[in-house]
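Topology and contacts: notes
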Amino acid sequence: MKYFDMSEFACKHCGQLPPNGMNTALLEALDKLREAWGAPVYVSSAFRCPEHNAAVGGVPGSEHTKGVAADIYVDGGSAEYECFLQLIKDLHIFDAIGEYHSSMFTHVDQRDNGTNPNYYSWIGD
């Protein structure tokens, strides 16, 4: 990885990573996104152990528990968030994109290992 450190993807509860590591397609797509954005991209949540996933209200079997998902954000306000979100959509490099406008973060994942760009999408809050 060019722009991220593996510690950014560890579970906030136990500090562990998935047994088989984070999904390579996810890590490569995040680096491409960071390169295209041209400024820091931050990971607020990536891998979650089952206990942590339950504690934060994650759905059972969440992509986070499989090491294929990350919740990300950038510096700035709502205008920057909207531009960042549009870039994510335009790049077509993630299988899933979840929009959380009021919290200004985006869920991205590679549940199909990057083979179905922009196929899954939803608006959270």
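Every value quoted in this text rests on a predicted model; they were computed, and no experiment measured them.

**A word on helix 1 (residues 24-37)**
With 14 residues, helix 1 extends 20 Å between its outermost C-alpha atoms, agreeing within 8% with the 20 Å of an ideal straight helix rising 1.5 Å per residue. Those residues of helix 1 that sit buried are A25, L26, L27, A29, L30, D31, L33 and R34. On its buried face, helix 1 sits against strand 2 (69-73), helix 3 (78-91) and strand 4 (105-109). Its side-chain oxygen at 2.9 Å from the backbone nitrogen of A25, N23 defines the N-terminal cap of helix 1.

**Some details on the nonpolar core**
Ranked by size, the top nonpolar core spans 26 residues in total, and within it L30, I72 and F94 carry the most contacts. At the level of secondary structure, the elements contributing two or more residues to this core comprise helix 1, strand 2 and helix 3. If we skip the residues at most four places from it in the chain, I72 touches L30, L33, V41, Y42, V43, S44, F84, I88, F105, T106 and V108.

**Observations regarding the sheet that holds strand 2**
Here we have five strands laid out as an open sheet, ordered 1-2-4-3-5, and mixed in their pairing. With one partner strand each, in any of the chains shown, strand 1 (42-45) and strand 5 (120-123) form the two edges of the open sheet. Along the sheet, successive strands turn relative to each other by an average axial angle of 25 degrees, direction set aside. For strand 2 and strand 4, the ladder comprises four bridges, and the chain directions are antiparallel. Counterpart to I72 in the pairing with strand 4 is T106.

**Quick notes on the pairing of strand 3 (residues 96-100)**
On a regular strand, one side chain projects to one face of the sheet and the next to the other, so that they alternate. Across the five residues of strand 3, four count as buried, placing the element largely inside the fold. Strand direction decides the pairing type here: strand 3 and strand 4, joined by five bridges, are antiparallel. Looking at the pairing, A96 lines up with D109 of strand 4. Following strand 3, the chain reverses through four residues before pairing antiparallel with strand 4; M104 in that reversal takes a positive phi of roughly 55 degrees. One ladder, built from four bridges, connects strand 3 with strand 5; its direction is parallel.

Basis of the calculations
Residues numbered from 1 in each chain as written. Predicted model: local features only at pLDDT ≥ 70, side-chain atom pairs only at ≥ 80, totals over all residues. Heavy atoms only, no water. Helix = DSSP H or I, 4+ residues; strand = E, 2+ residues; numbered from the N terminus. Expected span 1.5 Å × (residues − 1). Buried < 20%, exposed > 50% of the residue type's maximum accessible area, 1.4 Å probe, protein only. Contact = heavy atoms within 4.5 Å. Polar contact = N/O pair within 3.5 Å; in protein donor to acceptor, adjacent residues only side chain to side chain. Core = buried A, V, L, I, M, F, W, Y, C linked by side-chain atoms within 4.5 Å. Pairing = 2+ DSSP bridges. Axes fitted to C-alpha atoms, helices over the stretch in contact; angles between N-to-C directions.

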